[in-house]
Amino acid sequence: MVKKISNLREKLQSLVKTYKNAYMQGAVADYIPALAEVNPKMLGVCVATIDGKITGAGDYQQPFSIQSISKIFALVMAMERLGDSLWQRVNMEPSGQPFNSIIQLEWEKGIPRNPVINAGALLVSDVLTSHFCASKLAFLTFLRSLADSDAIKIDNHVYQSELSHGNRNAALAYLMKSFGNIESEIPDLLSHYFTQCSIKMSCQQLAQSLLFLANKGVNPRSNKLICSPKDTHRINAILSTSGMYDQSGEFAFSVGLPAKSGVGGGVVAIVPNYGVICSWSPPLNKFGNSVAGVNLVADIAQELGLSIYH
Ligand code: GLU
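Parameters at a glance
- Residues numbered from 1 in each chain as written.
- Predicted model: local features only at pLDDT ≥ 70, side-chain atom pairs only at ≥ 80, totals over all residues.
- Heavy atoms only, no water.
- Helix = DSSP H or I, 4+ residues; strand = E, 2+ residues; numbered from the N terminus.
- Rg over C-alpha atoms; globule rule 2.2 N^0.38 Å.
- Buried < 20%, exposed > 50% of the residue type's maximum accessible area, 1.4 Å probe, protein only.
- Contact = heavy atoms within 4.5 Å.
- Axes fitted to C-alpha atoms, helices over the stretch in contact; angles between N-to-C directions.
- Parallel < 35°, antiparallel > 145°, perpendicular 65-115°, else oblique.
- Left-handed = near helix turned anticlockwise from the far one by under 90°.
- Nonpolar A, V, L, I, M, F, W, Y, C, P; charged D, E, K, R; others polar.
- Near = heavy atom within 4 Å.
- Polar contact = N/O pair within 3.5 Å; in protein donor to acceptor, adjacent residues only side chain to side chain.
- Areas by Shrake-Rupley, 256 points an atom, 1.4 Å probe, with all protein chains shown as cover.
- 1 Å grid on protein atoms, 1.4 Å probe; cavity = no way out; pocket = protein on both sides within 12 Å on 5 of 7 lines; lining within 4 Å.
- Points joined across faces, edges and corners; volume = space filled by probe spheres on them.
- Expected span 1.5 Å × (residues − 1).
- Pairing = 2+ DSSP bridges.

## Structural notes on the overall build of the protein chain
- Scanning the protein chain for helices and strands turns up 13 helices and eight strands.
- Expected size for 310 residues packed as a compact globule is a radius of gyration near 19 Å; at 18 Å, the protein chain falls within 12% of this value.
- Structurally, the protein chain occupies a C-alpha span of about 55 × 40 × 35 Å along its principal axes.
- Taking all 310 residues of the protein chain together, the buried fraction comes to 58%.
- Sequence separation of at least 24 residues holds for 68% of the intrachain contacts in the protein chain that already meet a minimum separation of 6.

## Observations regarding the packing of helix α8 (residues 167-178) against helix α9 (residues 186-197)
- Viewed as axis vectors pointing N to C, α8 and α9 meet at an angle of 135°, and their least axial separation amounts to 10 Å. Classified by the angle their axes make, α8 and α9 are oblique. With respect to the hand of their crossing, α8 and α9 are arranged in right-handed fashion. Facing α8, whose interface residues are Asn169, Ala170, Ala173, Tyr174 and Lys177, α9 presents Ile186, Pro187, Leu189, Leu190, Tyr193 and Phe194.
- By residue class, the composition of the contact of α8 with α9 is nine nonpolar, one polar and one charged.

## Focus: the site of the ligand
- Near the ligand, the surroundings consist of 13 residues, among which Tyr31, Gln67, Ser68, Tyr193 and Tyr245 are the closest.
- One nitrogen or oxygen atom from the side chain of Tyr31 is found 3.1 Å from a nitrogen atom belonging to the ligand.
- Between a nitrogen atom of the ligand and a side-chain N or O atom of Glu162, the distance comes to 3.0 Å.
- A total of 290 Å² of accessible area belongs to the ligand in isolation, and the protein chains cover 97% of it.
- Tallied by class, the residues present in the shell around the ligand amount to six nonpolar, five polar and two charged.

## Notes on the side chain of Ser240
- With respect to the helices and strands, Ser240 occurs in helix α11 (residues 229-242).
- For Ser240, a relative accessible area of 12% corresponds to the buried category.
- Of note is the side chain of Ser240, whose polar atom sits 2.9 Å from the backbone oxygen of Asn236.

## Comments concerning empty space enclosed by the protein
- Under the counting rule described, the total for this entry stands at one cavity of 30 Å³ or more.
- Approximately 60 Å³ is the volume found for the largest cavity.
- Around the largest cavity, the lining residues are Ser95, Gln97, Pro98, Ser101, Ile102, Gln104, Leu105, Ile111, Pro112, Arg113, Ile117 and Ala119.
- Residue composition of the lining of the largest cavity, by class: seven nonpolar, four polar and one charged.

## Quick word on α9
- Under the 1.5 Å per step criterion, the end-to-end length of α9 is 16 Å for twelve residues, consistent within 8% with the ideal 16 Å.
- When you tally the buried positions in α9, you get ten out of twelve residues, the bulk of the element.

## A look at the environment of Leu213
- Structurally, the position occupied by Leu213 is in the loop between α10 (203-209) and α11.
- Contact partners of Leu213, with chain neighbours within four places excluded, come to Ile72, Thr232, Ile235, Asn236, Leu239 and Ile270.

## A look at the environment of Cys278
- Secondary-structure assignment places Cys278 in strand β8 (residues 275-280).
- Note on Cys278: relative accessible area 0%, which makes it buried.
- As for Cys278 and Asp150, which are separated by 128 residues in sequence, their C-alpha atoms are 20 Å apart.
- For Cys278, the contacting residues outside a window of four places in its chain are Gly44, Val45, Cys46, Phe64, Cys203, Leu206, Ala207, Val267 and Val268.

## Quick notes on the sheet that holds strand β5 (residues 199-201)
- Overall, antiparallel pairing links the three strands, which are arranged β3-β5-β4 in an open sheet. With one partner strand each, in any of the chains shown, β3 (64-65) and β4 (153-154) form the two edges of the open sheet.
- The sheet contact formed by β4 and β5 spans two bridges and is antiparallel. By the bridge assignment, Lys153 is partnered in β5 with Lys200.
- Across the sheet, helix α6 (residues 135-147) is in contact with β4 and β5; its angle to β5 comes to roughly 5°.

## Digging into the pairing of strand β1 (residues 44-49)
- Most of β1 sits inside the fold, with six of its six residues counted as buried.
- A two-sided burial pattern is seen for β1, the buried positions comprising Gly44, Cys46 and Ala48 on one face and Val45, Val47 and Thr49 on the other.
- Here β1 folds back onto strand β2 (residues 54-58), and the loop between the two strands holds four residues, one of which, Gly52, carries a positive phi near 95°.
- Bridge count between β1 and β8: six bridges; the pairing is antiparallel. Bridged to Gly44 within β8 is Trp280.

Below, the structure written as structure tokens:
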């Protein structure tokens with residue numbers, strides 16, 4: 001049962017103050033130069049609810065690189081295109097390995113552990129590249145319609161940086177292709193994947209865009225069915241077990257919400273039948289999750305009694 005608090009905005013503002021200096025405990029992602037240039041002091045949080053309320057604090061309207069959070073939207077599109085046959089090409093188990101690990105993919109014959117580690121997301125990019133004639137445009141259009149904003153853009157500087165430092169992702173894709181699990185040409189699917197990672201959105205836009213996952217697949221703003229209730233359940237299950245990289249177990253243990261983070265410092269958490277929390281602070285912990293972002297979501301979940309395991 002969600003606790004009602006009348007002063008959510010003040011609560012979020014006070015949490016943003018509390019975590020103002022948490023950026024010092026982490027390090028901004030530096031695997032690509034463009035991400036290392038981000039101001040580490042940025043900090044924002046937004047709560048969007050299915051009844052249409054938006055409450056934010058700090059830099060919650062500032063767009064940032066969504067990175068791995070894009071994997072959720074791509075998965076929705078791939079599930080819609082392939083139906084259940086998708087699950088013959090990618091599994092739904094936690095990996096227990098870093099997000100960009102190659103080793104497990106070799107043991108498991110090119111079948112990624114789940115769609116939210118890099119191997120799985122590259123497989124999903126393959127589905128989109130081979131099933132849409134203009135997959136990047138289709139992806140951007142999907143996000144723009146969910147966020148109800150044509151202002152959402154691809155950051156070309158981040159894209160170029162990803163492309164020129166993408167050898168590990170290329171290795172994952174070629175390994176899967178060697179096992180016959182990739183249909184498209186690798187440069188095409190990498191280009192799609194790096195494009196989706198390079199999209200910039202704010203905490204507010206992300207929280208609003210993901211409301212369908214808190215509402216049995218229906219976007220409460222447009223009343224449109226985005227994915228079936230069964231697929232909504234499946235996505236939330238995968239986010240609960242694998243969305244926070246190799247810290248997913250601890251996050252479930254201490255927070256108890258389906259969630260996804262990205263190396264741009266964003267964290268989204270789905271609260272079924274209530275709404276979505278999105279936080280952003282670029283410095284990351286050793287698992288690749290935002291230090292302040294995780295703390296913000298944890299405190300809000302605790303304060304409002306949002307865990308799904310209650
Ligand atoms: N573009 C990043 C990569 O593929 C995304 C990683 C992430 O946010 O987890 O390496």
